[in-house]
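Read off the chains here:
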Amino acid sequence: MAAMALPTLLALAQGPWQEESGVHGIIVLVTGLWLVWRRQDEILATRQEGNPLLTAAAFAVAIPLYVAGRAFEFISVEAAALLLAIVAVAHQYWGLKVTAMLWFPIVYLGFVVPIPGWFLDTITLPLKEFVSELVTGGLAAVGYPVGRMGVTLYIGSYQLLVEDACSGLNSLISLTAIGLFYVYLIRGSNPLYSLLLLAMVIPIAIAANIVRVAALVLITYHLGNAMAQGYLHNFAGMVTFVSALLFIFALDWALTPIRRSLESKAA
């Protein structure tokens with residue numbers, strides 16, 4: 001398992017985890033392993049030997065996928081195969097009951113697997129067009145000389161391309177992962193409320209990135225392209241993510257009456 005895990009973790013650290021779309025990877029890995037470790041007493045008390053046939057079946061799928069992903073540099077396939085192999089080993093040593101008990105950490109660790117590029121391209125294009133249209137319409141409504149062609153924005157003498165990082169998908173993935181972790185630890189006892197809170201992640205992520213793009217367009221118009229594409233670009237991304245995360249926490253606090261109502265009905 002170490003021979004499989006170490007090269008994959010190194011490849012993730014040198015590749016996807018250095019990109020904005022995968023910045024949550026190391027956080028998910030550490031917190032996911034912690035979710036397993038915190039239940040070690042329960043695991044030791046419940047464990048029993050797993051079914052060798054199930055373990056062998058899982059390895060029969062995981063090993064060829066891992067080899068193919070490693071050989072052809074498909075990091076998404078490689079990481080997914082590694083996760084399946086780890087689950088197979090856990091099942092063999094701890095049993096099916098413990099594996100089922102750890103369903104959330106397993107699902108949560110799935111966020112370590114990078115999203116394939118073809119899927120990102122398919123999803124981000126409509127999101128980029130949506131963000132571009134709203135930003136253009138909003139700034140034009142307050143008198144700015146702004147227009148767009150597809151995902152390219154024109155303001156004054158400047159031309160800006162709305163990239164994948166500004167579409168909202170990157171923030172959506174990271175916010176969903178951290179939102180899941182937060183809901184599981186704090187609100188996991190109420191499934192309906194947890195689903196409600198997680199459903200709010202999507203509009204919050206998109207709205208935050210609309211503000212981000214609008215801010216960068218305004219910085220470009222008033223301060224120049226060099227200023228907008230310099231450190232302010234990365235800073236805006238960080239501020240956008242932190243603000244969206246804080247808004248989720250604030251929303252959780254504001255929805256306290258609904259949560260208490262659902263809890264009382266469940267009781």
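Above this text is the structure in question.
Since the model is a prediction, treat every value here as computed from it, not as a measurement. (Residues numbered from 1 in each chain as written. Predicted model: local features only at pLDDT ≥ 70, side-chain atom pairs only at ≥ 80, totals over all residues. Heavy atoms only, no water.)

What follows is about the nonpolar core. One finds Leu175, Leu197, Val201, Ile204, Ala244 and Ile248 to be the most contacted residues of the largest nonpolar core, which totals 16 residues. Residue contacts for Leu175: discarding those within four places in its chain leaves Val201, Ala205, Phe241, Ala244, Leu245 and Ile248. Listed in part, the 15 residues of the second largest apolar core include Val131, Val135, Ile206 and Val213. (Core = buried A, V, L, I, M, F, W, Y, C linked by side-chain atoms within 4.5 Å. Buried < 20%, exposed > 50% of the residue type's maximum accessible area, 1.4 Å probe, protein only. Contact = heavy atoms within 4.5 Å.)

The grouping of Val61, Leu65, Phe72, Phe74, Val77 and Leu84 at the surface amounts to a nonpolar patch, some 530 Å² of accessible area in total. For the nonpolar patch, the elements supplying multiple residues, two or more each, are α4 (52-71) and α5 (75-94). If you trace the backbone, Leu84 turns up in helix α5. Judged by its relative accessible area of 32%, Leu84 falls in the partly exposed class. (Patch = residues over 30% accessible without salt bridge, like charges linked within 9 Å, V, L, I, M, F, W, Y side chains within 5 Å. Areas by Shrake-Rupley, 256 points an atom, 1.4 Å probe, with all protein chains shown as cover. Salt bridge = Lys/Arg side-chain N within 4 Å of Asp/Glu carboxyl O. Helix = DSSP H or I, 4+ residues; strand = E, 2+ residues; numbered from the N terminus.)

Take the environment of Trp34 next. By secondary structure assignment, the location of Trp34 is in helix α2 (residues 25-37). Separated by 128 residues in sequence, Trp34 and Val162 place their C-alpha atoms 37 Å apart. If sequence neighbours within four positions are ignored, Trp34 has contacts with Phe181 and Leu185.

Turning to helix α10 (residues 191-199), its buried residues number three or more, namely Tyr193, Ser194 and Leu197. Viewed end-on, α10 has its buried residues packed into an arc of 100 degrees, placing them on one side of the element. Facing away from the buried side of α10 by more than 90 degrees, the exposed set consists of Pro191, Leu192 and Leu195. (Arc of directions from axis to C-beta.)

Next up on the list: the pattern of salt bridges. With the rule as written, the count across this model stands at three salt bridges. With a closest N to O distance of 3.1 Å, Arg39 and Glu42 form a salt bridge. Accessibility expressed as a relative area gives 37% for Glu42, which makes it partly exposed. In this structure, the salt-bridge partner of Glu78 is Arg70, at a minimum N-O distance of 3.0 Å. With relative accessibility at 3%, the residue Glu78 sits in the buried group. Note on Arg70: relative accessible area 38%, which makes it partly exposed.

The strand order β1-β2-β3 describes an open sheet built from three strands, whose pairing is antiparallel. The outermost strands of the open sheet, each flanked by one partner alone, are β1 (146-149) and β3 (158-161). Strand after strand, the sheet turns through a mean of 25 degrees between neighbouring axes, direction not considered. As paired elements, strand β2 (residues 152-155) and β3 share four bridges and run antiparallel to each other. Note that in β3 the partner of Thr152 across the bridge is Leu161. Its contacts with the sheet put helix α8 (residues 117-141) on β1 and β2, and the angle it makes with β1 is roughly 160 degrees. Together, β2 and β3 form the strand contacts of helix α11 (residues 201-223), whose direction differs from that of β3 by roughly 155 degrees. (Pairing = 2+ DSSP bridges. Axes fitted to C-alpha atoms, helices over the stretch in contact; angles between N-to-C directions.)

Here β1 pairs with β2 via four bridges, running antiparallel. Residue pairing across strands places Arg148 opposite Leu153, the latter belonging to β2. The hairpin turn running from β1 into β2, its antiparallel successor, is two residues long, and Gly150 in that turn takes a positive phi close to 70 degrees. Linking two consecutive strands that pair antiparallel, namely β2 and β3, is a turn of two residues; a positive phi of about 60 degrees is found at Gly156 within it.

Turning to the environment of Pro114, a few remarks are in order. Here Pro114 shows up in the loop between α7 (103-109) and α8. Note on Pro114: relative accessible area 15%, which makes it buried. Aside from chain neighbours lying at most four places away, what touches Pro114 is Leu12, Pro16, Ile75, Ser76 and Ala79.

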